[in-house]
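# Per-entry structural report
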Amino acid sequence: MNKIKVIKQPTKNKPFLVIFKSSGLPSAPINENDCENALSYAIQLYPQIKNIKGKKAIEYGLLHRIDTATEGLLLIALSQDFYDYMQIEQSQNRFIKYYKAQCDIFENTDSSYPLNKNHLKLSEGITFEQKSFFRNYGIGNKEVRPVTQDSSKIVQKKVQNKKEYTTKITINKIYEKSAEVECEISQGYRHQVRCHLAWSGLPIKGDEQYNKKAENQLRFSATKLVFEYPRGDLNSYGIAPTWT
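Scope of this entry: the structure provided in the associated data block. No experiment lies behind these values; they were computed from the predicted model shown.

Here we come to the side chain of asparagine 37. Take asparagine 37: it is sitting in the loop between strand E2 (16-21) and helix H1 (38-45). Taking relative accessible area as the criterion, asparagine 37 reaches 0% and is therefore assigned buried. From its side chain, asparagine 37 meets the backbone nitrogen of leucine 39 in a polar contact 3.3 Å long. In this structure asparagine 37 touches Leu25, Pro26, Ser27, Ala28 and Pro29, once residues within four positions along its chain are discounted.

This is how it looks when you write it as structure tokens:
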């Protein structure tokens, strides 16, 4: 059970579980026989999770996912009422997820990844947003790429989910060729934060898919979850990255 850590145990009034999963562990199973994932480990501790009817039958009460390579927090429902409530909260952008990362700083000449044409001059303390649709990219669709209204018609046709996603990025600290950042999202797409950071000229250290200079451990963590339950009662759960 050392691949997950219970951060918040469920109670009668708070029928949900917050866990920390390690890097390299998938959030959810790929089939009914898959037991090497964070959700399956959580079910071993709290079998009642399997009573929840989720969007995907094999994901039960799991309310969101993070990438396999990413360590961090996951929220899991232990009652159907809570699951249904959080689905509405998420659709209304009231379930906020935070991430921390250590990033390289790339200019156009450094990056093999396409930068946003509205690329900002990065400075310590600034907050900005990246907004885009996404399309699958590369061999086996292992990556994603941002798509905007300014993208070519050919590229726009490759977008499967006609929904725009937003990542709020704050530069906490800048060093000579690197930066520490915090990101905030309310609704997420696969690799969204990693992709939007690379698009900003801030590929995450250790990210083999979006940083051509990647080496050593991925410096990226899902560090905080914030939501109201019940309405008016703010719940906030956080954890420090293991790589700091």
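Looking now at the environment of leucine 39. In this structure, leucine 39 sits in helix H1. Measuring from C-alpha to C-alpha, the distance between leucine 39 and alanine 28 comes to 5.4 Å, with 11 residues separating the pair along the chain. Once residues within four sequence positions are removed from consideration, leucine 39 is found in contact with Ser27, Ala28, Pro29, Ile49, Ile58, Glu59, Tyr60, Leu62 and Ile76.

Moving on to the layout of surface pockets. As a volume, the largest pocket reaches approximately 1200 Å³. Along the wall of the largest pocket there are 37 residues; nearest its centre are His64, Arg65, Ile66, Gly188 and Arg190. No other element matches helix H2 (residues 80-91), which puts four residues into the lining of the largest pocket.

This next bit is on the nonpolar core. Among the nonpolar cores identified, the biggest contains 37 residues, and Ile49, Val181, Leu197 and Leu202 are the most heavily contacted of them. Elements supplying a minimum of two residues to this core: E2, H1, strand E3 (71-77), strand E4 (96-104), strand E7 (165-174), strand E8 (178-185), helix H4 (192-199) and strand E9 (220-228). In terms of residue count, the dominant contributor to this core is H1 (five residues). Of all hydrophobic cores here, the second largest spans 17 residues; its members include Phe16, Leu73, Leu75 and Met86.

Looking now at the side chain of serine 178. Tracing the sequence through the fold places serine 178 in strand E8. Discounting chain neighbours no more than four positions away, the residues touching serine 178 are Cys103, Asp104, Ile105, Lys173 and Lys205.

The element H4 is largely enclosed, with a buried count of eight among its eight residues. Restricting attention to buried positions, one finds in H4 the residues Gln192, Val193, Arg194, Cys195, His196, Leu197, Ala198 and Trp199. Against E4, strand E5 (127-137), strand E6 (143-147), E7, E8 and E9 lie the buried residues of H4. Of the residues flanking the end of H4, it is glycine 201, one or two places downstream, whose phi is positive at about 85°.

Quick look at the pairing of E6 now. Consecutive side chains along a regular strand alternate between the two faces of the sheet. Counting buried positions along E6 yields five of five residues, so the element is predominantly enclosed. Burial of E6 is two-sided: the residues Glu143, Arg145 and Val147 facing one way and the residues Val144 and Pro146 facing the other way are all buried. Two strands pair when backbone bridges link them, and E5 and E6 are joined in this way by five bridges, in the antiparallel orientation. Looking at E6, one finds that tyrosine 137 is bridged to glutamate 143. Following E5, the chain reverses through five residues before pairing antiparallel with E6; glycine 138 in that reversal takes a positive phi of roughly 85°.

Before going further, it helps to examine unusual backbone geometry. Cis geometry marks the peptide bond from tyrosine 229 to proline 230, where omega comes out at -10°. You can see proline 230 is positioned in the loop between E9 and strand E10 (234-238). One non-glycine residue, histidine 191, lies in positive phi territory at about 65°. We classify histidine 191 as buried; its relative accessible area is 9%.

This next bit is on the pairing of E10. Only one face of E10 is buried, namely the one carrying Asn235 and Tyr237, since none of Leu234, Ser236 and Gly238 on the opposite face is buried. Summarising the sheet, E9 and E10 pair through five bridges and their orientation is antiparallel. Bridging across to E10, glutamate 228 finds its partner in leucine 234. Counting the residues between successive antiparallel strands, the hairpin from E9 to E10 contains five residues, one of them, glycine 232, with a positive phi of roughly 95°.

Quick notes on the rules
Residues numbered from 1 in each chain as written. Predicted model: local features only at pLDDT ≥ 70, side-chain atom pairs only at ≥ 80, totals over all residues. Heavy atoms only, no water. Helix = DSSP H or I, 4+ residues; strand = E, 2+ residues; numbered from the N terminus. Buried < 20%, exposed > 50% of the residue type's maximum accessible area, 1.4 Å probe, protein only. Polar contact = N/O pair within 3.5 Å; in protein donor to acceptor, adjacent residues only side chain to side chain. Contact = heavy atoms within 4.5 Å. 1 Å grid on protein atoms, 1.4 Å probe; cavity = no way out; pocket = protein on both sides within 12 Å on 5 of 7 lines; lining within 4 Å. Points joined across faces, edges and corners; volume = space filled by probe spheres on them. Core = buried A, V, L, I, M, F, W, Y, C linked by side-chain atoms within 4.5 Å. Pairing = 2+ DSSP bridges.

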